[in-house]
Amino acid sequence: KEQKKDKEREKVKHSNSEHREHSDKKHRDKDKVKNFDGSGERHREKQDKDKRREEKVCFLKIRFFSGIVFEENNQIKPRPFLNMLKTYDGCILFRFEYKPKKIKTENGKKLKKRKQEYEDEEEDIKPKKTKDKKAGAESKKVKKEPEEKWKWWEEERATDGSKWRFLEHKGPVLAPPYEPLPGHVRFFYDGKPMKLSAAAEEVATFFAKMLDHEYTTKDIFRKNFYKDWRKEMTSEEKSKITDLTKCNFTEMSEYFKAQSEARKQMSKEEKLKIREENERILQEYGFCVMDNHKERIGNFRIEPPGLFRGRGDHPKMGMLKRRIRPEDIIINCSKDSKHPKPPQGTRWKEVRHDNKVTWLVSWTENIQGSIKYIMLNPSSRIKGEKDWQKYETARRLKKCVDRLRAQYRDDWKSKEMRIRQRAVALYFIDKLALRAGNEKEEGETADTVGCCSLRVEHIKLYPKMDDQEYVVEFDFLGKDSIRYYNKMPVEKRVFKNLQLFLENKQPEDDLFDRLNTSILNKHLQELMDGLTAKVFRTYNASITLQQQLKELTSPEESIPAKILSYNRANRAVAILCNHQRAPPKTFEKSMQNLQTKIDEKQKQLSTARKQLKGAKTEHKASHGDGSKKMVEVKRKAVQRLEEQLMNLQMQATDREENKQIALGTSKLNYLDPRISVAWVKKWDVPIEKIYNKTQREKFAWAIDMAEEDYEF
DNA sequence: TAATGGACTTAGTATACCTTAC
DNA sequence: GTAAGGTATACTAAGTCCATTA
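About the criteria used
Throughout, residues of each chain are indexed from 1 in the direction in which the sequence is written. As a convention, the first chain written is A and the first ligand written is 1, with the rest following in written order. For this predicted model, a pLDDT threshold of at least 70 governs which residues receive local features, and a threshold of 80 or more governs which side-chain atom pairs are given and counted, while totals over whole chains, interfaces and linings are taken from all residues. The side-chain values count all of the structure's non-hydrogen atoms but skip hydrogen atoms and water molecules. Salt bridges are identified by distance alone: a Lys or Arg side-chain nitrogen within 4 Å of an Asp or Glu carboxyl oxygen. By definition, any uninterrupted DSSP run of H or I lasting at least four residues is a helix, any uninterrupted run of E lasting at least two residues is a strand, and each is numbered from the N terminus. Exposed residues in this analysis have more than 50% of their type's maximum accessible area, buried residues have under 20%, and partly exposed residues fall in between, with area computed by a 1.4 Å probe over protein chains only. Only the contacting stretch of a helix is used when fitting its axis, a line to C-alpha atoms as for every element, and angles between N-to-C directions run 0 to 180 degrees. Oblique is the label for every angle not falling under 35 degrees (roughly parallel), over 145 degrees (roughly antiparallel), or within 65 to 115 degrees (roughly perpendicular). Two residues form a contact once any of their heavy atoms are found within 4.5 Å. Lys, Arg, Asp and Glu make up the charged group, whereas Ala, Val, Leu, Ile, Met, Phe, Trp, Tyr, Cys and Pro make up the nonpolar group; the residues left over, Gly among them, are polar. UniProt positions are given in the numbering used here, feature names are shortened, and annotations may be inferred rather than shown by experiment. In protein, a polar contact requires one atom able to donate a hydrogen and another able to accept it; more generally it is a pair of N or O atoms within 3.5 Å, and residues adjacent in sequence count only if both atoms are side-chain atoms. A pair of strands counts as paired when DSSP detects no fewer than two bridges linking them. Each residue is tested against the molecule or strand, and it is near if at least one of its non-hydrogen atoms lies within 4 Å.

Visitor: How would you explain the pattern of salt bridges if you had to name every residue and give the values?
Guide: Taken as a whole and assessed by the stated rule, the structure comprises 40 salt bridges. For the salt bridge of Arg-422 with Asp-411, the shortest nitrogen-to-oxygen distance reads 3.6 Å. Linking Arg-422 in helix α13 (residues 417–432) with Asp-411 in helix α12 (residues 381–411), this pair joins segments that are 11 residues apart in sequence. In this structure, Arg-422 and Asp-411 share a single accessibility class: buried. It is possible to trace a salt-bridge network through shared partners that takes in Arg-165, Asp-291, Arg-381 and Glu-385.

Visitor: Explain the packing of α12 against helix α16 (residues 533–552) to me, using residue names and the numbers behind them.
Guide: Where α12 meets α16, the axes come as close as 9 Å, and the angle between the chain directions of the two elements is 90 degrees. Relative to α16, the element α12 lies roughly perpendicular. Contacts between α12 and α16 involve Lys-390, Tyr-391, Thr-393, Ala-394, Leu-397, Lys-398, Val-401, Leu-404 and Arg-405 on the former and, on the latter, Lys-534, Val-535, Phe-536, Thr-538, Tyr-539, Asn-540, Ser-542 and Ile-543. Residues that form the contact of α12 with α16 fall into these classes: nine nonpolar, four polar and four charged.

Visitor: Any chance you could break down the UniProt feature "active site" (unreviewed entry) in chain A for me, citing the residues and the numbers?
Guide: UniProt records the feature "active site" (unreviewed entry) at Tyr-670, using the numbering of this structure. Those residues in contact with Tyr-670 that sit more than four places away from it in its chain are Tyr-391, Arg-537, Thr-538, Ala-541, Ser-542, His-579 and Thr-665.

Visitor: Can you break down the environment of Asn-516 residue by residue, with the values?
Guide: Along the chain, the position of Asn-516 falls in the loop between α14 (492–502) and α15 (517–527). Between the alpha carbons of Asn-516 and Ala-425 there is a distance of 9.8 Å; along the sequence they are 91 residues apart. Residues in contact with Asn-516, not counting those within four places in the same chain, are Glu-439 and Cys-452. At 2.8 Å, the side chain of Asn-516 forms a polar contact with the backbone nitrogen of Ile-519.

Visitor: Summarise the sheet that holds strand β18 (residues 459–465); cite the residues concerned and give the values.
Guide: Ordered in space as β18-β19-β20, the three strands form an open sheet in which the pairing is antiparallel. Every other strand in the sheet has two partners, leaving β18 and β20 (483–489) as the edge strands with one partner each. Recorded for the sheet is a direction-independent mean angle of 15 degrees between the axes of neighbouring strands. With seven bridges joining them, strand β19 (residues 468–477) and β20 adopt antiparallel strand pairing. In the strand pairing of β20, Glu-473 is matched with Lys-487. Along the sheet, α13 contacts β19 and β20; its crossing angle with β20, the most-contacted strand, is approximately 105 degrees. In the packing of α14 onto the sheet, contacts are made with β18 and β19, and the angle to β18 comes to roughly 135 degrees.

Visitor: Which residues make up the UniProt feature "domain: DNA topoisomerase I eukaryotic-type" (unreviewed entry) in chain A, and what are the values?
Guide: Those residues carrying the UniProt feature "domain: DNA topoisomerase I eukaryotic-type" (unreviewed entry) are residues 307–684 in this numbering. Segment residues 307–684 splits into 51% helix and 11% strand. End C-alpha atoms: 49 Å apart.

Visitor: Please set out the protein's contact with DNA strand B residue by residue, giving values where relevant.
Guide: As a matter of local geometry, DNA strand B sits amid 27 residues, with Tyr-373, Lys-383, Lys-479, Arg-537 and Tyr-670 nearest to it. Within 4 Å of the protein, the atoms of DNA strand B are drawn from sugar and phosphate moieties in a proportion of 84%. Between Lys-163 and DNA strand B, the recorded distance is 3.1 Å, taken from a side-chain N or O atom to a phosphate oxygen. Measuring from a phosphate oxygen of DNA strand B, one finds a backbone N or O atom of Ala-582 at 3.3 Å. Counting only elements with at least two residues in the surface near DNA strand B, the list comes to β17 (371–374), α12, α16 and α20 (664–669). Sort the elements by how many residues they give to the surface near DNA strand B and α12 lands first, with three residues. For the surface near DNA strand B, a count of residues per class yields eight nonpolar, six polar and 13 charged.

Printed below as a string of structure tokens:
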């Protein structure tokens, strides 16, 4: 059994690493990984090695592999983390099932002391806050205290579909008008300087600003840009400028670079002035009054003009995103409120009073023709209520998920093709947390898919793969053109169904040709009120966090170790939801810095240990009070260093594991915050360690209402 | 029933800002 | 005081899902 388990682990690890390698972004950093593994530093390490042997201290670099595995019984079961111990030479010693590392179990006294330390830390923050508030009040930044603490979650909700009764705001902040370039900054065509009209020049500056970006080398980008740029040119310019490759924007580009450099070099006073001006704008336009409460607006600035930057292979990249004028803007507010004024000499497109919607301002953008909105901040009542509701729906799903799973398993045997397809798709959504996958207009956006829009070319079936049967390999681009790659053994019936769905189809044909999101959601709605495909993602994410926290947290651990456990649980969810990020540009460097710190700490520790040994010897000889004290002092120093070293090592592990995984998205959108709040309360971890200020504001409702016994 | 429009959530990245180390 | 590094925030694209229209 053990051997089999080991093999399985090996495989998951393999598929995980393959997953990493498949992604283009990740590919770039492959070699760098090796470096962190030790090859880059090997020389120096070898020099240190003998020394360490002498000291007989065996420090190990720890790296963890994480992932999700799915059990046969059709229940999603997050896999416990595996870890691997590596020596400094980079060779693997052994691998074992993850057990939270014990960090010199703290005795009660120590634990108390640490708690006290954290409390002190908090104390440190608190007075500052009050100071800030005072300062704020003095500089007449009128922030009404009681409103900050408004507990909307204790109030009743409207049931008539109206979103508000009163709404007043100042309207949007428009993009600043175009400032023509100074005379000395020139544009060259075919090697000769050429003065452009203001309109053409503005669009040219958009391109110039992006010159360093890979985008500007792409054919589609250049084509789209050139086409739209020409529209802004005078007829004279049009006839002169006929070839983009003959355009030279470098002087413009240099100018902007110099400007941004100059901005960085500004004096303190100048910077302060800008900051104050921003603060003033925020105070004036950043808030609205909704039903007697001052609420923060999310995005009160109209998007400035520029070149459209789609994600992935977007057919519209490089197109001109035009400037939004007051005449394009619809204002939404109460009839009886003070209406926002358009700039002098202009008018709004429309002022309406629709309290069935939550937006304050809207306009239609010209790239896709879709509507953009100005809405409230996530900390607002209107967003918070919706968020809370979302998690309540997911909790209702928890209650009936067994029934639903039994149902879709049953449907795999249906006589009707459409039902079988629906059931298999739902199985994927449930098990792999895939998105619903709406149809998209071809040629309008990047070619990405979700579950219902999967095509034949996106999956491969393997009746047998290594020692596993019925393996499905997924490989497609999902939202934001992020690659989803996974291999999963499925039940025989699912496999047979998939084979059936693939019969007589071309690679570009739909896998589920009798299914779309509307059909699927209609079916889900019948199974549970308010159920849609995306509820499964929320449910599976939250339940995974709860399970993982239970599994990974051990009571005797220190706070940093607990935080590592929390991050790991969070990470399990991020992996499930395929939330990836490009590895930070400075990743390797910062990792090396951390390693240097660890090395230093180790040296300090070994010195401290030697000193302790010496002190002990001395004490044995003298039996004096002074020498006894010295032993104590040295012992404490060793302890402190050990602790610091552990923390550094934990930090390194955390960061390494997080290299290309983004935790933020799941934390903000998928994890019921009450689970985290309950965990924090249960283990006396300061909430600041898992939620920053903004997150605490967003989740104020959960922080206030969840107790340590909260169950999702 | 399919297409379209509208409102809202979810998403990754660029940049501003803050902290730390020197 | 300043540069480096890390974190928070701003930004806006890209999804989901529901309602309406053709």
